[in-house]
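These are the residues of each chain, in order.
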Amino acid sequence: MLPQPSGWRVLSLIPPMTQLNTPYPSTAYLTGFLRSRGIDAVQQDLALELVLELFSRRGVQALVEPARAAASRSLTPTLDAFLAQHERYADTIDAAIRFLQGADATLAHRINARRYLPEGPRFAQLDAYLAEEGEDPLAWAFGALGLQDRARHLATLYLNDLADVLREAVDPRFEFVRYAEKLATAQPTFDPLAEALAAPPNLIDRELSRLAEAAVERHQPSLVLLSVPFPGAVYAAFRIARTIKAHWPDLPIVLGGGFVNTELRELAEPRVFDDFDFVTLDAGERPLLALIEHLQGRRGRSRLVRTFVREDGAVRYVNMAEPDVPFEDVGTPTWDGLPLERYLSLLDMLNPMNRLWSDGRWNKLTVAHGCYWKKCSFCDVSLDYISRYEAASATTLVDRIEAIVHETGETGFHFVDEAAPPKALKALAEEISRRGTAISWWGNVRFEKTFTPDLCERLAESGCVAISGGLEVASDRLLALMKKGVSVDQVARVTKAFADAGILVHAYLMYGFPTQTVQDTVDALEYVRQLFENGCIHSGFFHRFACTVHSPVGLNPQDYGVTLLPLPDSPFAKNDVGFVDPTGTDHDAMGRALKKAIYNFMHGIGVDSDVRQWFDVRVPKPTVNRHRIARALAETAR
Ligand code: B12
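Fair warning: this is a prediction, and the values are worked out from it, not measured in the lab. (Residues numbered from 1 in each chain as written. Predicted model: local features only at pLDDT ≥ 70, side-chain atom pairs only at ≥ 80, totals over all residues. Heavy atoms only, no water.)

1. Thoughts on the overall build of the protein chain
Counting secondary structure elements, the protein chain contains 24 helices and 17 strands. Taking contacts inside the protein chain between residues at least 6 apart in sequence as the whole, the part at least 24 apart equals 77%. As displayed, the protein chain has an accessible area near 25,600 Å², and 52% of this comes from carbon and sulfur atoms. (Helix = DSSP H or I, 4+ residues; strand = E, 2+ residues; numbered from the N terminus. Contact = heavy atoms within 4.5 Å. Areas by Shrake-Rupley, 256 points an atom, 1.4 Å probe, with all protein chains shown as cover.)

Below, the structure is given as C-alpha cells:
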C-alpha cells in the first residue's frame, strides 16, 4: 500500500436500526481492515446514539408535545398512560437506561418493587401469566433469585411503552431492530423512499440529522461509508447521506452492505446517486481499496471494482475484475471508537435463543467467508457471501479472537457464519484448548453428521454455549428437494449430541416450501414435537418460506414444481418473488398452528399430546410413528 496522504480519513457509520445490545460488525470489520492497510479509519454507531438520544430525559420531554397533539386527534391507552405520567418517565429514563447498560445493578431492587418505573399498557401482559392474587406474576420465569433479569424485563417493558408512544405520536415506522423497513424490502420502485425522504423531517429525522452532522464535524473525514445490512437500515442511511450532502456537498459517500449485496444487484435508479456517490457490491475490502486509490488520484474511474456510479444521468456498473482480499488477510475487526459500555441489554421475549440475539455484548467474528455447503435451494447460494468459500487457519482465527478479547475486554463471541464449517470449528476448538483461551461462543451450523458426540463435547469444552441450525421442513422428502444434505434422523442424533454436551440447541424451521402438503406439515410438526420430547432441541422458530430471485428455487422454479409470478420491471430493490404452487396448501392456516405449537413446546406444554390439537382447521393424523425419534436415537446408542 502506498503511503497515505496526511489527514485522509474514512468514517464508517451504522445507520438506525440494527440491534442495540452489541454493534452490527460491518464497520468493525472494515475499520480493522483499513487500519491494517495503513489507512486512518474511524467508526460510529448512529443506531445506538439515536436511541440513547430519544430515550433520555431530553428525548422524553420532547415527546410530550407530539403526544398531546396525537392524543387530541385520537386518545389511545398508550398516549393516555404516557401523558398522565410523563414527568415520571422523564425523571426515571436516564436511570433505567443506565441500568439496561449494565451499570447501577442495585437499582434492580427498586425496579422490582414496581413503584419506581411508570407502567403503561405493555405491563398488562404480565397479567396474562395468571398469578394468584398477591403472587408475583414473573416468579415462573425468574424465580426468587433472578433479581437482575426480572428488573431488566420490567425495564424493557417500560422502554417498549415509550417506543409505542414514539410510534403513535411521531413515527409509526420506528422499531428497535428495524426502521421504516417496508420502504426498502424488495421495493421495485424508489418512489416510496423518495417521498418519505422529501417529507418534512419529524423528531426522529431531526435527531438523526443532528447526530450525522456531529459525527462528520468530529472526525472531519475524507470519505464516508454507510453500511446497510438489512432493509430496516436503508431509510436512515439515505437520511444521513442527505444531511451530510446538504452541508458537505463535496464529501464522497458510499453505500454498501448485506442489503445492497442482496437486493440492489441490478440497480438502475439514478436518484440513489442524489445522496450517494458510489454503491459497491459484496465484500467491501477490495472495492474500497480501489475507490480510495481513485479518490486519491491514483486510479482512474473506469478501474473501480464492483461499483455503481452515475454518469450522464444514468447508472453505470464499473467492475475491473480484481481478486478479492483473501479471508486470511482481511485483518482483525476492531471495535475501537464504539462505546461498548453504552449498549443496552434488553430482555424482551423470555425465549433462550432470542435472549442471545438481544442480550449481551457479543463480539462478532466470521469463521470462514461464505458457506462450505452452498447447495440449499431456498438460500441465496448464487451470491458472493454464500458462494465464495474461503477458510482461514485456526491459528489466524484464535489470534483474531485473542486480539478482540484484549481490545474489548469481553470474551463472548457470536460466529456470524451462515453455517460454520465443522472441520474449522474442530480445529478452532483444538487451538483454543492448546492455548488455554477462555471464551464463550455460539453460532449457526448445519446439523450434519460430522458433529459426532465427541466433537460436540470438544466444542462445549472450547466454550460453545449455543448452536442454531436449520431443520427447515422436518420431512425427508422435502429435505432432499431442498438439497439440505441432512435427514430427520440425523438431525435428531446431532441435536441430541449437542444437547447432551450442555449446549442450547435452536432449530430454524420452515413452512410453505414448494409442494409441501397439509400432511407434510402435520408430520413435520410431529417430528418437532418428538425432538422436544426427547430433549434434542430447546428452542425453535417457524419462518414462512420466501422465494428469492438468487436462490435455486427462484432461478429454476420448474425443478420445484412452481411457477413464478412476473416481477415488475425494477430499477431499485429486487429480492422476494411471488410464486404459484399447484399443491394449493393453505399455509396461513398452517403457520398459525405451527407458531402456537412451538411456543407451547418451548414452555414444555403439550409436548406429549396429539399435534392435531394446535390446528384450527381439520387436518389428517400424522403418518409418523410416535416413537420414531426415540428409535433413531436408540440406533446410535447401540
Ligand atoms: C449473522 C446474521 C444474522 C444474525 C445477526 C444479525 C446482527 N444484527 O448481527 C441474526 C440471525 C440475528 C440475523 C437476523 C436478521 N437478518 Co441476517 N444475516 C446474518 C449473516 C449470516 C451474517 C451477517 C454478518 O455479521 N456478516 C459479517 C459482516 C462483516 O458482513 P457484511 O455486513 O455483509 O459486511 C461486509 C460487506 O457487506 C461489505 N460492507 C458492509 N457495509 C459496507 C458499507 C460500505 C460503504 C462498503 C463499501 C462495503 C460494506 O464489507 C463488509 C466486509 O466484507 C448475513 C448473511 C451474510 N453472510 O452476510 C445475513 C443477512 C445480513 N441477514 C438478512 C436478514 C434479512 C435478516 C433479518 C431482517 C431477518 C428477519 N426477517 O428477521 C434479521 C434482522 C436482524 C437485526 N435487525 O439485527 C439478509 C439481508 C438481505 C436483505 N434482503 O437485505 C442477509 C444478507 C441474509 C439473507 N440473504 O437473507 N442475521
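2. Comments concerning the site of the ligand
The immediate surroundings of the ligand are formed by 38 residues, with Gln-19, Tyr-24, Ser-227, Lys-364 and Tyr-385 found nearest. Between the ligand and Glu-263, the relevant distance is 2.7 Å, taken from a nitrogen atom to a side-chain nitrogen or oxygen of the residue. Here a nitrogen atom of the ligand sits 3.3 Å away from a polar atom, N or O, in the side chain of Asp-380. Looking at the shell around the ligand, the elements with two or more residues in it are helix 1 (26-36), strand 3 (223-227), strand 4 (253-256), helix 11 (258-263) and helix 13 (285-295). Looking at the shell around the ligand element by element, the count peaks at five residues for helix 11. (Near = heavy atom within 4 Å. Polar contact = N/O pair within 3.5 Å; in protein donor to acceptor, adjacent residues only side chain to side chain.)

3. Digging into the sheet that holds strand 13 (residues 464-472)
Read from one edge of the open sheet, six strands run 8-11-12-13-14-15, paired in parallel fashion. What marks the edges here is a single partner per strand, and that holds for strand 8 (363-365) and strand 15 (539-544). The sheet shows a mean angle of 20° between the axes of neighbouring strands, direction not considered. Relative to strand 11 (residues 412-415), strand 8 runs parallel, the two sharing three bridges. Pairing of Lys-364 across the sheet is with His-414, part of strand 11. (Pairing = 2+ DSSP bridges. Axes fitted to C-alpha atoms, helices over the stretch in contact; angles between N-to-C directions.)

4. Quick word on the environment of His-506
With respect to the helices and strands, His-506 occurs in strand 14 (residues 504-511). Taking relative accessible area as the criterion, His-506 reaches 2% and is therefore assigned buried. For His-506 and Phe-541, which are 35 residues apart along the polypeptide, the C-alpha to C-alpha distance reads 8.0 Å. When residues no more than four places from it in sequence are discounted, the contact partners of His-506 are Met-353, Trp-357, Phe-447, Ile-467, Ser-468, Gly-469, Ser-539, Gly-540 and Phe-541. (Buried < 20%, exposed > 50% of the residue type's maximum accessible area, 1.4 Å probe, protein only.)

5. Describing the environment of Ile-253
With respect to the helices, strands and loops of the structure, Ile-253 is situated in strand 4. Judged by relative accessible area, which is 0%, Ile-253 ranks as buried. For the pair Ile-253 and Lys-375, spaced 122 residues apart in sequence, the C-alpha separation works out to 36 Å. Contact partners of Ile-253, with chain neighbours within four places excluded, come to Val-224, Leu-226, Ala-241, Ile-244, Lys-245, Asp-275, Phe-276, Asp-277 and Phe-278.

6. A closer look at the nonpolar core
Of all hydrophobic cores here, the largest spans 208 residues; its most connected members are Phe-55, Leu-159, Phe-174, Leu-425, Phe-498 and Phe-513. Examining the composition of this core, we find that 11 residues originate from one element, helix 7 (residues 147-169), more than from any other. Those residues in contact with Phe-513, other than ones at most four positions away along the chain, are Ser-377, Phe-378, Val-473, Leu-478, Leu-481, Met-482, Phe-545, Val-553, Tyr-560 and Asp-581. Counting residues in hydrophobic clusters, the runner-up holds six residues, among them Met-353, Trp-362, Trp-442 and Leu-504. (Core = buried A, V, L, I, M, F, W, Y, C linked by side-chain atoms within 4.5 Å.)

7. Here's the deal with the pattern of salt bridges
All told, the structure shown has 54 salt bridges when counted by the stated rule. Among the salt bridges present, the one from Lys-574 reaches Glu-266, with a minimum N-O distance of 2.6 Å. Residue Lys-574 is located in the loop between strand 16 (563-564) and strand 17 (579-580), and its partner Glu-266 is located in the loop between helix 11 and helix 12 (272-275); the two are separated by 308 residues in the primary sequence. In this structure, Arg-529 and Glu-526 form a salt bridge, with 2.8 Å as the shortest nitrogen-oxygen distance. On the criterion of helical spacing, the pair formed by Arg-529 and Glu-526 is a turn pair, its members being three residues apart in helix 21 (residues 518-533). When sorted by exposure, Arg-529 lands in the same class as Glu-526, which is buried. What emerges from the salt-bridge pattern is a single network uniting Arg-265, Asp-282, Arg-306, Asp-324, Asp-384, Arg-388 and Glu-390. (Salt bridge = Lys/Arg side-chain N within 4 Å of Asp/Glu carboxyl O.)

8. Description of unusual backbone geometry
For the bond running from Pro-16 to Met-17, omega is -10°, close enough to zero to count as cis. Assignment of secondary structure puts Met-17 in the loop between strand 1 (9-14) and helix 1.

9. Examining the side chain of His-414
Residue position: His-414 is located in strand 11. Relative accessible area serves as the criterion here: at 15%, His-414 is assigned to the buried category. Among all residues touching His-414, those that are not within four sequence positions of it are Trp-362, Asn-363, Lys-364, Leu-365, Trp-442 and Gly-443.

10. Concerning the packing of aromatic side chains
Evaluation of the coordinates by the stated rule reveals 23 aromatic pairs. Both rings, one in Phe-174 and one in Tyr-179, keep their centres 6.2 Å apart while their planes meet at 65°; by these two values the pair is edge-to-face. The residues Phe-174 and Tyr-179 share a single accessibility class, namely buried. Ring geometry for Phe-513 and Tyr-560: centres 6.4 Å apart, planes at 85°, overall edge-to-face. Remark: Tyr-560 occurs in the loop between helix 22 (552-555) and strand 16 and Phe-513 occurs in the loop between strand 14 and helix 21; sequence separation between them is 47 residues. A single burial state applies to Phe-513 and to Tyr-560, both of which are buried. Among the aromatic residues, those joined into a cluster by ring pairs are Phe-55, Phe-174, Phe-176, Tyr-179 and Tyr-235. Above the plane of the ring of Trp-373 lies Lys-375, whose end atom (NZ or CZ) is 4.2 Å from the centre. (Phe/Tyr/Trp six-rings, centres within 6.5 Å; stacked < 30°, edge-to-face > 60°. Lys NZ or Arg CZ within 6 Å of the ring centre and 35° of its normal.)

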